[in-house]
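One-letter residues, chain by chain:
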Amino acid sequence: MRDVYAPQGRSLEGDPQTTPRWKWHHPVHYSFPRGWEVVLQAPLTSQAQRLLLGLLAHLGWENQVTDSLARVGRKVGMHRNTVTRALRQLEAWRLVAVDRQNPKLLRITVSPALVWQGKPQTLYKARKAFDARCKQSAHKRTDSAQHDADTAALAAA
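Residues numbered from 1 in each chain as written. Predicted model: local features only at pLDDT ≥ 70, side-chain atom pairs only at ≥ 80, totals over all residues. Heavy atoms only, no water.

**Quick notes on the overall build of the chain**
Working step 1: Scanning the chain from terminus to terminus reveals five helices and six strands.
Working step 2: Mapped from its N terminus to its C terminus, the chain presents α and β elements in the order β-β-β-α-α-α-α-β-β-β-α.
Working step 3: When contacts within the chain are restricted to residue pairs at least 6 apart in sequence, long-range pairs at least 24 apart make up 57% of them.
Working step 4: Carbon and sulfur atoms provide 54% of the accessible area of the chain, an area that totals close to 11,000 Å². (Helix = DSSP H or I, 4+ residues; strand = E, 2+ residues; numbered from the N terminus. Contact = heavy atoms within 4.5 Å. Areas by Shrake-Rupley, 256 points an atom, 1.4 Å probe, with all protein chains shown as cover.)

This is the structure:
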């Protein structure tokens with residue numbers, strides 16, 4: 001881990017209003033070994049594991065993947081169809097959350113339970129937001145699956 005705090009400004013001896021202030025400069029990359037048990041227990045394919053490692057290599061601020069999914073797939077040597085299948089597996093196991101509001105630009109967030117790259121003090125909020133995002137996307141998937149089943153039942157009747 002690297003130093004992330006540095007004194008900001010000058011202080012005058014004995015003056016309480018000019019004490020040095022510490023300012024946060026760089027994101028910190030933390031890894032949580034207990035969170036990786038999910039990856040070991042999940043029946044992920046080798047392609048899904050490779051994609052997860054590729055996403056971790058392109059991790060940016062607040063655990064957002066900074067590169068496009070196509071570029072990440074090319075760098076790990078995967079075909080785009082394989083990448084989408086592997087991404088669905090990772091999403092099903094709540095290792096990543098995918099924001100599909102803009103279909104041309106997927107916003108992928110890696111679970112803060114595995115790794116965290118950002119301000120240390122915002123980790124708790126990020127975990128709660130990630131869980132809410134996963135629940136919301138799972139709810140949308142079940143709603144669309146239920147709608148498809150209802151449509152098929154109506155068509156058969």
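**Points about the confidence of the model for the chain**
Working step 1: Averaged over every residue, the pLDDT of the chain is 77; the share at 70 or more is 70%.
Working step 2: Per-element confidence in the chain ranges from a low mean pLDDT of 48 for strand β1 (residues 5-8) to a high of 91 for helix α2 (residues 46-57). (pLDDT = per-residue confidence, 0-100.)

**A word on the nonpolar core**
For soluble globular proteins, nonpolar side chains are generally found buried alongside one another.
Working step 1: Judged by nonpolar contacts, the single largest core of 24 residues is most densely connected at Leu-51, Leu-55, Leu-90, Val-96, Ile-108 and Val-110.
Working step 2: Residue assignment for this core shows that the elements contributing at least two residues are α2, α3 (69-76), α4 (80-92), β4 (96-99) and β5 (107-110).
Working step 3: The element that contributes the greatest number of residues to this core is α2, accounting for five residues.
Working step 4: Those residues in contact with Leu-51 that sit more than four places away from it in its chain are Leu-69, Val-72, Met-78, Val-83, Ala-86, Leu-87 and Leu-90. (Core = buried A, V, L, I, M, F, W, Y, C linked by side-chain atoms within 4.5 Å. Buried < 20%, exposed > 50% of the residue type's maximum accessible area, 1.4 Å probe, protein only.)

**Quick word on the pattern of salt bridges**
Working step 1: Enumeration over the complete set of coordinates arrives at two salt bridges.
Working step 2: In this structure, the salt-bridge partner of Asp-67 is Arg-71, at a minimum N-O distance of 3.0 Å.
Working step 3: When the shortest N-O distance is used, the salt bridge between Asp-131 and Arg-94 registers 3.3 Å. Placement of the pair is Asp-131 in helix α5 (residues 123-156) and Arg-94 in the loop between α4 and β4, with a sequence separation of 37 residues. (Salt bridge = Lys/Arg side-chain N within 4 Å of Asp/Glu carboxyl O.)

**Digging into the packing of α2 against α3**
Working step 1: One can describe the packing of α2 onto α3 by two numbers: an axis separation of 9 Å at closest approach and a directional angle of 115°. For the pair α2 and α3, the crossing hand works out as right-handed. Listed contacts from α3 to Arg-50, Leu-51, Gly-54 and Leu-55 of α2 are Leu-69, Val-72 and Val-76.
Working step 2: In the contact of α2 with α3, the residues fall into five nonpolar, one polar and one charged. (Axes fitted to C-alpha atoms, helices over the stretch in contact; angles between N-to-C directions. Left-handed = near helix turned anticlockwise from the far one by under 90°. Nonpolar A, V, L, I, M, F, W, Y, C, P; charged D, E, K, R; others polar.)

**Things to note about the environment of Tyr-30**
Working step 1: Among the structural elements, Tyr-30 can be located in strand β3 (residues 28-31).
Working step 2: For the pair formed by Tyr-30 and Leu-114, sequence separation is 84 residues and the distance between their alpha carbons is 8.6 Å.

**With respect to α2**
Working step 1: In a regular helix each residue adds 1.5 Å, so 12 residues correspond to 16 Å; α2 covers 17 Å between its end C-alpha atoms and thus fits that length.
Working step 2: Listed in full, the buried residues belonging to α2 are Ala-48, Leu-51, Leu-52, Gly-54, Leu-55 and Leu-56.
Working step 3: On its buried side, α2 packs onto α1 (37-41), α3, α4, β4, β5 and β6 (115-118). (Expected span 1.5 Å × (residues − 1).)

**Digging into the packing of aromatic side chains**
Working step 1: Within the structure shown, the criterion is met by zero aromatic pairs.
Working step 2: One cation-aromatic arrangement involves Arg-127 over Phe-32; the distance from NZ or CZ to the ring centre is 4.7 Å. (Phe/Tyr/Trp six-rings, centres within 6.5 Å; stacked < 30°, edge-to-face > 60°. Lys NZ or Arg CZ within 6 Å of the ring centre and 35° of its normal.)

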